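Residues per chain are reported as follows:
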Amino acid sequence: MKLLITGGAGFIGSAVIRHIIANTRDEVVNLDKLTYAGNLESLAEVSGSERYSFEHVDICNRAELDRVLTQHQPDAIMHLAAESHVDRSIDGPADFIETNIVGTYTLLEAVRQYWQALEAQRRQNFCFHHISTDEVYGDLDGPENLFTEQTPYAPSSPYSASKASSDHLVRAWHRTYGLPVLVTNCSNNYGPYHFPEKLIPLVILNALEGKPLPVYGKGEQIRDWLYVEDHAVALYTVVTDGKIGETYNIGGHSEKRNIDVVQAICSLLEELVPEKVAGLANYRDLITFVTDRPGHDLRYAIDAGKIQKELGWAPAETFESGLRKTVQWYLDNLEWCKRVQDGSYQRERLGAGPAGVR
Ligand code: NAD
């Protein structure tokens, strides 16, 4: 199978590509605009594979999408390209509307034209897998409730509203044009190669430098955490075995309050890096409560029963085992982090910019 993966230089996309190249015989075309969140250094271990290729393209550029589809003739699309950081969506929603909504629309139209022209057998086997988030469901009320595939959409932030819009477009292209689609909605991911603006890597790296560990409000927001390599396995399971037209929720069965996540990282660092910057007694002393994010949802939690029952997927990592692996990975890969933090990962990469980027 040849897979076209959009957003493959990002956190989850790169985990999916590393998983596919290491564990299957499939070919992968990575299509990515390389925004600040795209980092080809996360793909160093697969970039030499003859089954891997890269296309520096913006999903809003229809002509380039047509060229890539015609040239590479993929059997399936995994669509992960998105603007993904909630805080950035509050400061500047325009890029979220452009990439997540207009970009998904542009990709759907290019793929529809490509799929309609395929010969019968390939057309029959084709699928478009849209990767989305549990944030489209909004805040959960009641401690016992879980998001199911039937939960109505109620997004709170510009990010989640733009993802919700893209989910609706994908389902409409299935209902209206018959495009064979799959949709997955997943909870918060964590793990190796996570951009250091996100909570877990930010806390690890700030703690090592003796900087404040910012926690929104009182840190009582609850998220369901999933180790990114478990998500990669789930996504590959869905794209290969999922039933066309279906939605699958993916989660880690690991609900944690943000403050407990930060405390757990501090405990691991006390064990793994007991020698601290001068004057610091305990990593926990760095925890600093900051003004809460506007529109901040209190609780998300996924019922992942459908994917477990129908496709046999369940996470391999617990939160404890996954967090230990993650902290150790950051300690072992400080050079990757340094190159992200000082911007050198962007300065030294291919070319001046993707074709036709506006
Ligand atoms: P990320 O921000 O790390 O990566 C996004 C990638 O998309 C980057 O490589 C970026 O360069 C690329 N990109 C952005 N705009 C583009 C454009 N216009 N054209 C082509 N490429 C573009 O995001 P992530 O955390 O890896 O998330 C991937 C997907 O999974 C997103 O759709 C996100 O909504 C979804 N998701 C993320 C999480 C999470 O916890 N991170 C959870 C559930 C779902």
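See above for the structure.
Quick notes on the rules
- Residues numbered from 1 in each chain as written.
- Predicted model: local features only at pLDDT ≥ 70, side-chain atom pairs only at ≥ 80, totals over all residues.
- Heavy atoms only, no water.
- Near = heavy atom within 4 Å.
- Polar contact = N/O pair within 3.5 Å; in protein donor to acceptor, adjacent residues only side chain to side chain.
- Areas by Shrake-Rupley, 256 points an atom, 1.4 Å probe, with all protein chains shown as cover.
- Helix = DSSP H or I, 4+ residues; strand = E, 2+ residues; numbered from the N terminus.
- Pairing = 2+ DSSP bridges.
- Axes fitted to C-alpha atoms, helices over the stretch in contact; angles between N-to-C directions.
- Contact = heavy atoms within 4.5 Å.
- Salt bridge = Lys/Arg side-chain N within 4 Å of Asp/Glu carboxyl O.
- Buried < 20%, exposed > 50% of the residue type's maximum accessible area, 1.4 Å probe, protein only.

### Some details on the site of the ligand
Contacts to the ligand come from 28 residues, most closely from Ile12, Asp32, Ser84, Tyr159 and Lys163. In this structure, an oxygen atom belonging to the ligand sits 3.1 Å away from a main-chain N or O atom of Leu80. Protein burial of the ligand: of its 830 Å² of free accessible surface, 96% is covered by the chains. Put simply, the parts of the chain that give the shell around the ligand at least two residues each are α1 (11-23), β5 (127-133), α6 (158-177) and β7 (188-190).

### Points about the sheet that holds strand β11 (residues 255-257)
As a general point, the strands of a sheet are linked pairwise by backbone hydrogen bonds and lie either parallel or antiparallel. With respect to topology, three strands assemble into an open sheet ordered β7-β9-β11, the strand pairing being mixed. Looking at the sheet topology across the chains shown, the edges are occupied by β7 and β11. Adjacent strand axes in the sheet meet at a mean angle of 50°, parallel and antiparallel pairs treated alike. Along the sheet, helix α9 (residues 258-272) contacts β9 (222-227) and β11; its crossing angle with β11, the most-contacted strand, is approximately 85°.

### Some remarks on the pattern of salt bridges
By the definition in use, this model includes 18 salt bridges. Asp66 is the partner of Arg62 in a salt bridge, and the nearest nitrogen-oxygen pair spans 3.0 Å. Taken together, the residues Arg62 and Asp66, both in helix α2 (residues 62-72) and four residues apart, mark about one turn of the helix. Looking at Arg62, the relative accessible area reads 28%, which means it is partly exposed.

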